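These are the residues of each chain, in order.
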Amino acid sequence: SKTSQSVWVLTLNGTNLGSNAAGTETLTVDAANNTSIFDLAGNAHTAAASSTTLNSTTAIADSVNASLGSTAGTIKAGFNNTAPRAQLNVPAGALDSDVTLTVDTSPSSMTKEQALKLIHDAGTEGDIISDIVSLEPHGQVFNSAVTLIIDITGSLAGTTPSRLQVWKRNGDSAGDAWYRMPSNLWQSSTGSIEISTTSFSQYMAVEGTCMKRTRLN
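This part takes up the overall build of the chain. Broken down by element type, the chain carries one helix and 14 strands. By the burial criterion, 32% of the 217 residues in the chain qualify as buried. Pairs at least 24 apart in sequence give 64% of the contacts found in the chain among residues at least 6 apart. On the chain, roughly 12900 Å² of surface is accessible, and the fraction owed to carbon and sulfur atoms is 49%.

Of the voids in this model, the largest pocket is the one considered here, and its volume is about 260 Å³. Partitioning the lining of the largest pocket into residue classes produces eight nonpolar, two polar and one charged.

With that settled, consider the pattern of salt bridges. By the definition in use, this model includes three salt bridges. Across the pair Arg85 and Asp151 runs a salt bridge, and its minimum N-O distance is 3.6 Å. Of the two residues, Arg85 is situated in strand S5 (residues 84-90) and Asp151 in strand S9 (residues 141-151); the sequence distance between them amounts to 66 residues. Notably, a salt bridge pairs Asp121 with Lys117, separated by 2.9 Å at the nearest N-O pair. Of this pair, Asp121 and Lys117 both sit in helix H1 (residues 112-121), four residues apart, roughly one helical turn. For the pair formed by Asp121 and Lys117, the shared burial category is exposed.

To continue, consider the nonpolar core. Counting 27 residues, the largest nonpolar core has Leu88, Val103, Leu135, Leu148, Ile193, Ile195 and Tyr203 as the members making the most contacts within it. Where this core is concerned, the elements lending two or more residues are strand S4 (73-79), S5, strand S6 (99-104), strand S8 (133-136), S9, strand S10 (164-169), strand S13 (192-199) and strand S14 (202-208). Here the element with the most residues in this core is S9; it accounts for four residues. Contact partners of Ile195, with chain neighbours within four places excluded, come to Val146, Thr147, Leu148, Ile150, Val166, Met181, Leu185, Trp186 and Tyr203. In this structure, Met110, Ala115, Ile128 and Ile132 belong to the second largest nonpolar core, which totals nine residues.

This part covers the sheet that holds S4. Spatially, the five strands line up as an open sheet ordered S4-S5-S9-S13-S12, and their pairing is antiparallel. Looking at which strands have only one partner, the edges of the open sheet turn out to be S4 and strand S12 (186-189). Pairwise comparison of adjacent strand axes, ignoring direction, gives a mean angle of 20 degrees for this sheet. Examined bridge by bridge, S9 and S13 share seven bridges and lie antiparallel to one another. Opposite Val141, over in S13, you have Ser199 as the bridge partner.

Here the focus is the environment of Asp104. With respect to the element layout, Asp104 can be found in strand S6. Judged by its relative accessible area of 11%, Asp104 falls in the buried class. Distance in space between the C-alpha atoms of Asp104 and Ala77 is 6.7 Å, their sequence separation being 27 residues. Apart from the residues within four sequence positions on either side, Asp104 is in contact with Asp62, Ser63, Ile132, Val133, Ser134 and Glu136. A distance of 3.0 Å separates a polar atom in the side chain of Asp104 from the backbone nitrogen of Ser106.

All told, the structure shown has one aromatic pair when counted by the stated rule. Directly above the aromatic system of Phe79 lies the positively charged group of Arg85, at a separation of 4.4 Å from the ring centroid.

Peptide bonds are, in most cases, trans, and in most cases residues other than glycine have a negative phi. Cis rather than trans, the peptide bond between Glu136 and Pro137 has omega equal to 5 degrees. Along the chain, Pro137 falls in the loop between S8 and S9. In the Ramachandran plot, Phe79 falls in the positive-phi region, its phi being about 70 degrees despite a non-glycine side chain. As for its placement among the helices and strands, Phe79 is situated in strand S4.

Here is what the cut-offs are and how they apply
Residues numbered from 1 in each chain as written. Predicted model: local features only at pLDDT ≥ 70, side-chain atom pairs only at ≥ 80, totals over all residues. Heavy atoms only, no water. Helix = DSSP H or I, 4+ residues; strand = E, 2+ residues; numbered from the N terminus. Buried < 20%, exposed > 50% of the residue type's maximum accessible area, 1.4 Å probe, protein only. Contact = heavy atoms within 4.5 Å. Areas by Shrake-Rupley, 256 points an atom, 1.4 Å probe, with all protein chains shown as cover. 1 Å grid on protein atoms, 1.4 Å probe; cavity = no way out; pocket = protein on both sides within 12 Å on 5 of 7 lines; lining within 4 Å. Points joined across faces, edges and corners; volume = space filled by probe spheres on them. Nonpolar A, V, L, I, M, F, W, Y, C, P; charged D, E, K, R; others polar. Salt bridge = Lys/Arg side-chain N within 4 Å of Asp/Glu carboxyl O. Core = buried A, V, L, I, M, F, W, Y, C linked by side-chain atoms within 4.5 Å. Pairing = 2+ DSSP bridges. Axes fitted to C-alpha atoms, helices over the stretch in contact; angles between N-to-C directions. Polar contact = N/O pair within 3.5 Å; in protein donor to acceptor, adjacent residues only side chain to side chain. Phe/Tyr/Trp six-rings, centres within 6.5 Å; stacked < 30°, edge-to-face > 60°. Lys NZ or Arg CZ within 6 Å of the ring centre and 35° of its normal.

As structure tokens, then:
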């Protein structure tokens with residue numbers, strides 16, 4: 001609809017479209033031809049078409065569950081559908097039957113402050129650069145690997161830090177210790193970490209700190 005002499009409001013929810021936008025579309029605006037639009041001086045519109053990607057910014061909960069395992073599917077949690085803080089991809093047949101699986105990006109069993117103290121006490125200096133992601137039910141074992149993608153957050157969002165580490169613990173009780181995962185068990189692309197696993201745990205990304213060594217004579 002036209003709201004002024006220079007502003008038109010465009011929507012995908014118009015006539016004959018049949019559905020709302022999914023958030024993955026590309027919207028292109030152009031004249032029907034080079035003699036369809038003119039300015040006040042009578043000059044024809046000849047500019048190239050303008051396109052933009054329509055990204056869904058609908059907020060999603062920090063904790064999301066779905067019944068998957070036998071059935072394939074994806075669970076996204078935290079922030080929004082386009083840039084979730086965590087995403088779990090479950091292939092068909094990963095379990096013999098569907099089970100309620102949960103991805104929680106703000107588990108009550110562990111805060112970042114608590115986790116940071118625990119890894120510092122274990123002798124590692126650094127900062128947590130992702131949400132703590134809890135996959136539940138804890139201890140769930142799969143017939144084939146599921147994939148967890150964790151978003152790097154804060155000032156390092158969109159990057160792959162040179163001292164990137166992934167830490168894991170196998171439950172959410174006080175006695176479940178955090179340990180550093182070997183680098184061959186995960187991979188990183190710009191701004192995210194991908195982990196393949198056959199059992200559920202808690203995970204977080206850490207940027208390690210270079211420690212100066214002091215020589216004692």
